[in-house]
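The primary structure of each chain is shown beneath.
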Amino acid sequence: MSDIMNSKDMEEQNQNRKYLQNKEYVENKFKDWGDIVKREFPVGEKREVKVYIVYVDDMVNRTMLEEEIIKNLIVNIRISNPKNVDFSDPYELLVNGGVTTADIKQAKDIDEAVLEVMSGNTLVLIENTDKILVISSKGFPKRGVDKPETEIAVQGPQEAFAESIRTNTVLIRRRIRSTDLKCVQKKIGRISQTDVAVMYMENIADKRLVKKVEDMLENIDVEMIYDSGFLEQYLEENEYSPFPQIQLTERPDKAAAELVEGRIAVVVDTSPFVILLPTVLASFYQASEDYYQRWEIMTFIRIIRYIAGFMAFALPGLYIATTLYNPSMLPTELVLTMAQARQNVPLPTVVEIVILELIFEALREAGIRVPSSIGSTLGIVGGIIIGQAAVEANLVSPMAVIIISITAICSFSIPNIALTSAYRLIKYFVIFMSAAAGLFGFVSALILVLLHMVSLKSFGVCYVAPFSGVNEGRYDKLKDTVFRFPYKHRKEYHFYKKLEEDTDEQ
C-alpha cells in the first residue's frame, strides 16, 4: 500500500514539476510582451489546485473568457459538485466542471500551445497534471462584410470577403450547404504562421489535384505570408509568364460557384481575396453578373469583352504597322488626314505612341495613389488637359491620342485586373515588333503570344481550354465561354473535372 502511495506521490511531483517547467517556458517566450495577459489563481472547493492562463489582450473575446471560463473556474467549482467528475484529476475537473465552452482541445506540447496563444486562443496550465489545455477564444478586431471593390455587380449579391479566414469560410459555406464541402486548414510561414484553408468539394474535385495543392503548400518554406497575392506567386508553375495562372476573387458567390465546378479555393487569413485554381483564360472574362441577367445581353457583353481584350494589347501595334509600313491598307482620305495632322509633329510615330502610353500609365498610377475622392477626377481631367495641350503644341497627333484612349477604355472593360496587367505588358512587345517589321512583325507577335498561352498549364489544365482539345460530342464546355447559353440548354456538369479528364485522355 505504501509503495502505491509513494508511486502516486512521485507521479504528482513529476506532473507538478512539468507544470512549473511549462509555466517558466511560457514566461520566457512572452518576455517583454506588453500586450500579454498572464494570471495564476487557485480553483476548487478548498483552493487546492492552481490554474495558470495566458492570452493576448484584444485578440480574445474577453466577455466569453471572463464570464464562461475564468468566472466558472474561480466560482462555480467551489460552490457546485459536477456530477461524474473525478476530483482527483484536475484536468477532468476543469473540462467537465469548470469550462462551459465546447471548443476545448489538448495541445500536443507547449510549443503548439504557445502558437495557439499567438493565434488568439487561451492557454491553460493545470497544477498536478502535465496536460495542456487550449480554449478557443478568438475575438480580434476584424472588418465586417463589405461590398466588392474590384468585382462590382449591378445585379446580384453585394457581399465581399473580409480579412478574417473564418468569416470567409463561413461566407462560402452559407452558399454551399453540403457535407461534401471540405476545409483543410494549415499554417504557412515560419514566423507569421498564417492560417490557410484549402476548400474543395469531395465528390467533385480531382483527388490528385487536391493532393498536389496540399503538397505545394506544405513545401512552401518562407518566413512570412502577407497576402493571398504573395502565396499566389509560390503556387504558379510558370513564374516568368505575364499571364496569371491562378485567379483571385473577392466575391463569395463566385468562389462557391467555382467550387461546384470542381475548382479548389485557398483562403488565406488577413487577405480579402480567395485563390481559385486551376484556371483557364476564359475564366478571366467571366463576371458574376453574367449569371444574374438574361443570357442574350450577357452574351453580347462577353463578345465585347473579348474584342476589347484583343484591342487592349493589339491596337497600338496595329496602328504603327499600318501607318509606317502599309498605309495603302487604309482609305486614301484617312491617310491624307493623318498625314496632315502629323505634318508639324517632330516625334516619330513609335516614340509618340510609347510616350503617350507611359504618360497614361503614370496617370493610372497617380489615380490609384491619391485619395479616392479625387482619383477619378485626376485621371479624367489630367488626361484631357495633357492630351489637348500636347495636340495644340504639335507634340503628338490627334490620331495617336485617340488610339491610346481607345486602348485604355478597352483595358478597363476586362473584368479581371490580373489579365489587364498582363495585356499592359504584352502591348509594348507588340508595339516594338510592329515597329521593327510592320504587319509581319505584328502578326508574328500575335502568333508568339498565342503559342505561349497554348504552352501554359494551370495545375495540369491547358490555359486556353476549352477552346483547345474539345472532343467530338463534348461541345457543352463551350456553352459558357464567349457565349453564355440559356441555363435550360446547358447540362449540369463539373467543368474543371471534365477538363482534367480530357487532359489525361490527350
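Because the structure is a prediction, the values reported are computed rather than measured. (Residues numbered from 1 in each chain as written. Predicted model: local features only at pLDDT ≥ 70, side-chain atom pairs only at ≥ 80, totals over all residues. Heavy atoms only, no water.)

Peer 1: Looking at this structure, I do not really get empty space enclosed by the protein. What am I missing?
Peer 2: Unfilled space is identified by rolling a water-sized probe across the atoms. Applying the stated criterion across every chain yields a total of one cavity of 30 Å³ or more. The computed volume of the largest cavity comes to approximately 30 Å³. Contributions of two or more residues to the lining of the largest cavity are made by α13 (398-412) and α14 (417-455). If one sorts the elements of the lining of the largest cavity by residue count, α14 sits on top with four residues. For the lining of the largest cavity, the residue count by class is two nonpolar, three polar and three charged. (1 Å grid on protein atoms, 1.4 Å probe; cavity = no way out; pocket = protein on both sides within 12 Å on 5 of 7 lines; lining within 4 Å. Points joined across faces, edges and corners; volume = space filled by probe spheres on them. Helix = DSSP H or I, 4+ residues; strand = E, 2+ residues; numbered from the N terminus. Nonpolar A, V, L, I, M, F, W, Y, C, P; charged D, E, K, R; others polar.)

Peer 1: Would you mind showing me how to read the nonpolar core here?
Peer 2: One broad rule of soluble globular proteins: the nonpolar side chains tend to lie buried together. Judged by nonpolar contacts, the single largest core of 29 residues is most densely connected at F243, L281, L419, Y423, I426, M453 and Y463. Of the residues forming this core, the biggest block, nine residues, is contributed by α14. Beyond its immediate chain neighbours, meaning those up to four positions away, L419 contacts F243, P244, L281, F284, Y285 and I414. (Core = buried A, V, L, I, M, F, W, Y, C linked by side-chain atoms within 4.5 Å. Buried < 20%, exposed > 50% of the residue type's maximum accessible area, 1.4 Å probe, protein only. Contact = heavy atoms within 4.5 Å.)

Peer 1: In this structure, what is going on with the packing of aromatic side chains? I would like to understand it.
Peer 2: The way to describe two aromatic rings as a pair is by their centre distance and the angle between their planes. Tallied over the entire structure, the rule returns nine aromatic pairs. Arranged with centres 6.4 Å apart and planes meeting at 85°, the rings of F243 and Y423 form a pair that is edge-to-face. One end of the pair, F243, is in the loop between α7 (228-235) and β8 (247-249); the other, Y423, is in helix α14, and 180 residues separate them in sequence. Overall, F243 belongs to the buried group, its relative accessible area being 1%. (Phe/Tyr/Trp six-rings, centres within 6.5 Å; stacked < 30°, edge-to-face > 60°.)

Peer 1: Can you walk me through the sheet that holds strand β5 (residues 132-135) in this structure?
Peer 2: Strands belonging to one sheet form pairs held by backbone hydrogen bonds; the direction of such a pair is parallel or antiparallel. In space, the five strands of this open sheet follow the order β1-β2-β4-β5-β3, with antiparallel pairing throughout. Whereas interior strands pair on both sides, the edge strands pair on one side only; in this sheet they are β1 (36-43) and β3 (104-106). Neighbouring strand axes in the sheet, compared pairwise and without regard to direction, differ in orientation by 25° on average. Relative to strand β4 (residues 122-126), strand β2 (residues 49-56) runs antiparallel, the two being bridged by four bridges. Looking at the pairing, I53 lines up with V124 of β4. (Pairing = 2+ DSSP bridges. Axes fitted to C-alpha atoms, helices over the stretch in contact; angles between N-to-C directions.)

Peer 1: Looking at this structure, I do not really get the side chain of S288. What am I missing?
Peer 2: Counting through the fold element by element, S288 comes out in the loop between β10 (274-277) and α9 (295-324). Owing to a relative accessible area of 9%, S288 belongs among the buried residues under this scheme. When neighbours within four sequence positions are excluded, S288 is seen to be in contact with R251, D253 and K254.

Peer 1: What exactly am I supposed to notice about the pattern of salt bridges here?
Peer 2: Opposite charge on two side chains lets them pair, provided their charged atoms get close. Inspection of the entire model under this criterion finds 25 salt bridges. The residue K105 makes a salt bridge to E112 at a minimum N-O spacing of 4.0 Å. On the basis of relative accessibility, which here comes to 22%, the residue E112 falls in the partly exposed class. Put simply, D221 and R190 hold a salt bridge, and the shortest N to O gap is 2.4 Å. Separated by 31 residues along the polypeptide, D221 in the loop between α6 (207-218) and α7 and R190 in the loop between β6 (181-188) and β7 (194-201) bring together distant segments of the chain. (Salt bridge = Lys/Arg side-chain N within 4 Å of Asp/Glu carboxyl O.)

Peer 1: What should I look at first to understand the packing of α9 against helix α11 (residues 349-369) in this one?
Peer 2: How two helices pack is summed up by the angle between their axes together with the distance between the axes. With their axes 10 Å apart at the nearest point, α9 and α11 run at an angle of 165° to one another. One finds that α9 runs roughly antiparallel with respect to α11. α9 and α11 meet at a crossing whose hand is right-handed. Packed against α9, whose contacting residues are P316, Y319, I320, T323 and L324, the element α11 presents T349, V350, I353 and E357 at the interface. Grouping the amino acids of the contact of α9 with α11 by side-chain chemistry returns six nonpolar, two polar and one charged. (Parallel < 35°, antiparallel > 145°, perpendicular 65-115°, else oblique. Left-handed = near helix turned anticlockwise from the far one by under 90°.)

Peer 1: Where do I start with the pairing of β5 in this structure?
Peer 2: Successive side chains on a regular strand alternate, one facing one side of the sheet and the next facing the other. Burial of β5 is two-sided: the residues I132 and V134 facing one way and the residues L133 and I135 facing the other way are all buried. Across three bridges, the pairing between β3 and β5 is antiparallel. Within β5, the position partnered with K105 by the bridge is V134. In the sheet, β4 pairs with β5 via four bridges, with the strands oriented antiparallel. Residue pairing for β5: L125 is matched across the bridge by I132. Linking two consecutive strands that pair antiparallel, namely β4 and β5, is a turn of five residues; a positive phi of about 70° is found at N128 within it.

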